[in-house]
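# Descriptive structure summary
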Amino acid sequence: MMVRWGRAIRNMALLGALGWMPAAHAQGHVIMTAKLDWITAAHLAEEAVRACAAQGYSVTASVVDTTGHQQAVIKGDSVPLQSLSVSYRKAYTAYAYGLAFNMNTTSDLIAAKVTGPANGALNTIPEVLFVPGGVALRRVGDNVVLGGIGVSGAPGGEKDEACAQAAVTKFRADFH
């Protein structure tokens with residue numbers, strides 16, 4: 001696992017130093033980055049909130065794009081304040097670390113023990129949160145990572161993640 005970790009950190013550092021965005025390609029000196037349009041991002045967040053509401057859970061769903069910034073946020077009617085930042089951090093982690101380790105959910109990352117070195121150093125990086133509830137968004141066909149969705153507010157991260165996954169499943173055909 002240590003070799004895998006070292007390689008991923010080196011790759012991320014190199015990409016960051018070069019100013020390269022994942023899922024991008026160059027045409028001359030112009031970088032083109034694949035990402036979902038705002039309408040699809042909004043539909044994803046809305047569907048995740050709806051999926052949880054159908055089970056009696058009020059949640060917040062955040063979608064991040066390939067810059068790691070929020071592209072869409074839907075906040076349920078009675079969610080706690082912290083669900084806004086937690087849903088964002090789950091989406092960010094699913095996107096950034098799903099990309100680095102080729103995994104689809106924050107639960108996958110946790111199960112594979114790629115949450116960082118034993119000293120917990122990754123947990124000190126702003127916006128990173130290794131808690132179930134985040135799902136990477138991948139383009140149909142070539143599996144390029146287009147962003148992430150995170151859900152927070154249900155009683156347990158596995159329930160948050162199920163709502164995020166339900167939204168991804170419903171709109172996956174639009175990720176092309």
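## Describing the sheet that holds strand β6 (residues 145-152)
One open sheet accounts for 4 strands, arranged β4-β3-β6-β5; its pairing is antiparallel. The open sheet has two edge strands with one neighbour each: β4 (70-75) and β5 (134-138). Taken over all neighbouring pairs, the strand axes of this sheet differ in orientation by 15° on average, direction set aside. Where strand β3 (residues 60-64) meets β6, 5 bridges bridge the pair, whose relative direction is antiparallel.

## Focus on the nonpolar core
With 26 residues, the main nonpolar core has Leu-44, Val-63, Leu-137, Ile-149 and Phe-175 as its most contacted residues. If you list the elements that add at least two residues to this core, you get α2 (38-53), β3, β5, β6 and α5 (157-171). With 7 residues, the single largest contributor to this core is α2. Beyond its immediate stretch of four places on either side in the chain, Val-63 contacts Ala-41, Leu-44, Ala-45, His-69, Gln-70, Gln-71, Ala-72, Leu-137, Gly-148 and Ile-149.

## Considering the state of the cysteines
Counted under the stated rule, the structure contains 1 disulfide. Disulfide pairing places Cys-52 opposite Cys-163 at an S-S distance of 2.1 Å. Residues Cys-52 and Cys-163 are joined through a disulfide that is right-handed, its torsion about the S-S bond being 110°. Residue Cys-52 is found in helix α2, and its partner Cys-163 is found in helix α5; the two are separated by 111 residues along the sequence. For the residue pair Cys-52 and Cys-163, the accessibility class agrees, reading buried in each case.

## A few points about the packing of aromatic side chains
For the structure shown, the criterion picks out 3 aromatic pairs. Taken together, a centroid distance of 6.1 Å and an interplanar angle of 45° make the contact between Tyr-88 and Tyr-92 tilted. With Tyr-88 and Tyr-92 both in helix α3 (residues 82-101) and 4 residues apart, the pair spans about one turn of that helix. For Tyr-88, a relative accessible area of 14% gives the class buried. Site record: aromatic cluster; members linked through ring pairs are Tyr-97, Phe-101 and Phe-130.

## Focus: the confidence of the model for the protein chain
Averaged over all residues, the pLDDT of the protein chain equals 86, while 85% of them reach at least 70. Contacts for the low-pLDDT stretch residues 13-23, under 50 throughout, to residues beyond four places or in other chains number 14 contacts.

## With respect to the side chain of Asp-65
Residue position: Asp-65 is located in the loop between β3 and β4. Classification of Asp-65 as buried rests on a relative accessible area of 7%. For Asp-65, the side chain forms a polar contact with the side chain of Thr-67, separated by 2.5 Å. Apart from residues no more than four positions distant in its own chain, Asp-65 is found in contact with Lys-35, Gln-71, Tyr-95, Leu-146 and Gly-147.

## Section: the pairing of β4
Both β3 and β4 contribute to a ladder of 5 bridges, which runs antiparallel. Opposite Val-64, over in β4, you have Gln-70 as the bridge partner. Here β3 hands over to β4 after 5 residues, with Gly-68 in that stretch at a positive phi of 85°.

## Some remarks on the pattern of salt bridges
Any two side chains of opposite charge can pair, given that their charged atoms come close. This model, assessed by the stated rule, comprises 7 salt bridges. Among the ionic pairs, Lys-35 bridges to Asp-65, the shortest N-O distance being 3.3 Å. Note that Lys-35 is positioned in the loop between β2 (30-33) and α2 and Asp-65 in the loop between β3 and β4, a separation of 30 residues in sequence. Lys-35 sits in the partly exposed class, given a relative accessible area of 46%. We note a salt bridge from Lys-170 to Glu-47, for which the minimum N-O separation is 3.2 Å. Linking Lys-170 in helix α5 with Glu-47 in helix α2, this pair joins segments that are 123 residues apart in sequence. What emerges from the salt-bridge pattern is a single network uniting Glu-46, Glu-47, Arg-50 and Lys-170.

What counts and how
Residues numbered from 1 in each chain as written. Predicted model: local features only at pLDDT ≥ 70, side-chain atom pairs only at ≥ 80, totals over all residues. Heavy atoms only, no water. Pairing = 2+ DSSP bridges. Helix = DSSP H or I, 4+ residues; strand = E, 2+ residues; numbered from the N terminus. Axes fitted to C-alpha atoms, helices over the stretch in contact; angles between N-to-C directions. Core = buried A, V, L, I, M, F, W, Y, C linked by side-chain atoms within 4.5 Å. Buried < 20%, exposed > 50% of the residue type's maximum accessible area, 1.4 Å probe, protein only. Contact = heavy atoms within 4.5 Å. Disulfide = S-S within 2.5 Å. Phe/Tyr/Trp six-rings, centres within 6.5 Å; stacked < 30°, edge-to-face > 60°. pLDDT = per-residue confidence, 0-100. Polar contact = N/O pair within 3.5 Å; in protein donor to acceptor, adjacent residues only side chain to side chain. Salt bridge = Lys/Arg side-chain N within 4 Å of Asp/Glu carboxyl O.

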